[in-house]
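Given next are the chains, with one letter for each unit.
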Amino acid sequence: MANLLRNNPLTNFARGFFYPFNSTRFLLHHPALLKYVAIPFLINLVVFSSAVFLGFDFFNDVVIHYVPRGEAWYWAILYYFAWLVAVLVTAVVVFFSFTVVGNLVASPFNDLLSERTEEMLTGQKHDEPFSFAAFWKDTLRVVGVEVKKMGLFVLVMVMILPLNLLPGFGSIIYSVLAFVLTVFFLVVEYLGYVMARKRLDFRQQRRYVLGRLATLAGFGTGVLALLAIPFLQFFCIPVGVVGATRLWCDLESRDAPGGSSTPS
């Protein structure tokens, strides 16, 4: 029965989905980790707030300014419809800019957060002492990897954008592909800190993800759900990093000989 539950894709998907959510409790119970959250949180708060302000300011001063106004009822409908479009477009732009810029800014701190989380879970300390030279070297390495991942993600999303122009099912195909690619990107993004620390190459990372596809797809969907909730975007990045690290450690414990069949 335990093996049946373990190999059930729906059970594994649901288990992975809740990792980002219950990782909030883990963070609160380990306040020593919060120092790795504070600085990127403040930076991303400024980025997010600026994006929202500039988005609405642009529509208010540029777009809405050119919408004809009149006393008839249909002019009022047009005006409020333009604002509705402004809100939706701003939400989409903020979502993608926050996902890309926010993760890029926080990447050096995310690497440390993932490392310290793994230490707490496994009890194995990182032997290398802290130094600013090593931190700066790691920062350049992590940011370089992040730029490549973000660039590839944006490029692929732009490449599939013309699918919306296809008549009939074009928009549906685009929406499905965009969802799948975003979930896959979020899995690689947050799990990437652990996999890079374990020195897994691209082939090994791909094999790892495909071998645990249901669980990791659930995790990526959970992160995406957090990103879609207003104001929770600020907390999504550290929660995603902690959740991915916890998930890695639990899966490694489960897959080890004599390991538990149910992740903690």
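- The name an unreviewed UniProt entry gives the chain is Sulfate transporter CysZ, with Desulfuromonas versatilis as the organism.
- Turning to the chain, the UniProt annotation filed under Subcellular location (unreviewed entry) states: "Membrane".

## Looking at the UniProt feature "transmembrane region" (unreviewed entry) in the chain
Then comes step 1: The UniProt feature table records "transmembrane region" (unreviewed entry) at residues 33–56, 76–106, 150–166, 172–192 and 213–235.
Then comes step 2: Secondary structure across residues 150–166 comprises 65% helix and 0% strand; the distance between its end C-alpha atoms is 27 Å.
Then comes step 3: Helix makes up 100% of residues 172–192 and strand 0%, whereas the separation of the span's terminal C-alpha atoms amounts to 30 Å.

## Focus on empty space enclosed by the protein
Then comes step 1: Counted under the stated rule, the structure contains one cavity of 30 Å³ or more.
Then comes step 2: Roughly 50 Å³ of internal volume is contained in the largest cavity.
Then comes step 3: Surrounding the largest cavity, Y36, V37, P40, F41, N44, A106, N110, L113, F234, I237 and P238 form its lining.
Then comes step 4: Breaking the lining of the largest cavity down by element, the ones donating at least two residues are α4 (35–63), α5 (73–122) and α10 (233–255).
Then comes step 5: No other element matches the five residues that α4 contributes to the lining of the largest cavity.
Then comes step 6: Split into classes, the residues belonging to the lining of the largest cavity amount to nine nonpolar, two polar and no charged.

## Considering the packing of helix α7 (residues 170–197) against helix α8 (residues 202–211)
Then comes step 1: Packing of α7 against α8 leaves a shortest axis separation of 11 Å and a crossing angle of 120°. What the angle tells us is that α7 and α8 run oblique. The handedness of the crossing between α7 and α8 is right-handed. The residues of α8 that touch α7, namely those facing F184, V187, L191 and M195, are Q205, Y208 and V209.
Then comes step 2: Residues of the contact of α7 with α8, tallied by class, amount to six nonpolar, one polar and no charged.

## Regarding the packing of aromatic side chains
Then comes step 1: Inspection of the entire model under this criterion finds four aromatic pairs.
Then comes step 2: Geometrically, the ring pair formed by F17 and F18 is edge-to-face, given 5.2 Å between the ring centres and 85° between the ring planes.
Then comes step 3: One aromatic cluster is present, formed by F17, F18 and F21 through successive ring pairs.
Then comes step 4: For the cation-ring pair, R212 lies above Y208, with the distance from its terminal atom to the ring centre recorded as 3.8 Å.

Conventions adopted
Residues numbered from 1 in each chain as written. Predicted model: local features only at pLDDT ≥ 70, side-chain atom pairs only at ≥ 80, totals over all residues. Heavy atoms only, no water. UniProt positions renumbered as here; feature names shortened; annotations may be inferred. Helix = DSSP H or I, 4+ residues; strand = E, 2+ residues; numbered from the N terminus. 1 Å grid on protein atoms, 1.4 Å probe; cavity = no way out; pocket = protein on both sides within 12 Å on 5 of 7 lines; lining within 4 Å. Points joined across faces, edges and corners; volume = space filled by probe spheres on them. Nonpolar A, V, L, I, M, F, W, Y, C, P; charged D, E, K, R; others polar. Axes fitted to C-alpha atoms, helices over the stretch in contact; angles between N-to-C directions. Parallel < 35°, antiparallel > 145°, perpendicular 65-115°, else oblique. Left-handed = near helix turned anticlockwise from the far one by under 90°. Contact = heavy atoms within 4.5 Å. Phe/Tyr/Trp six-rings, centres within 6.5 Å; stacked < 30°, edge-to-face > 60°. Lys NZ or Arg CZ within 6 Å of the ring centre and 35° of its normal.

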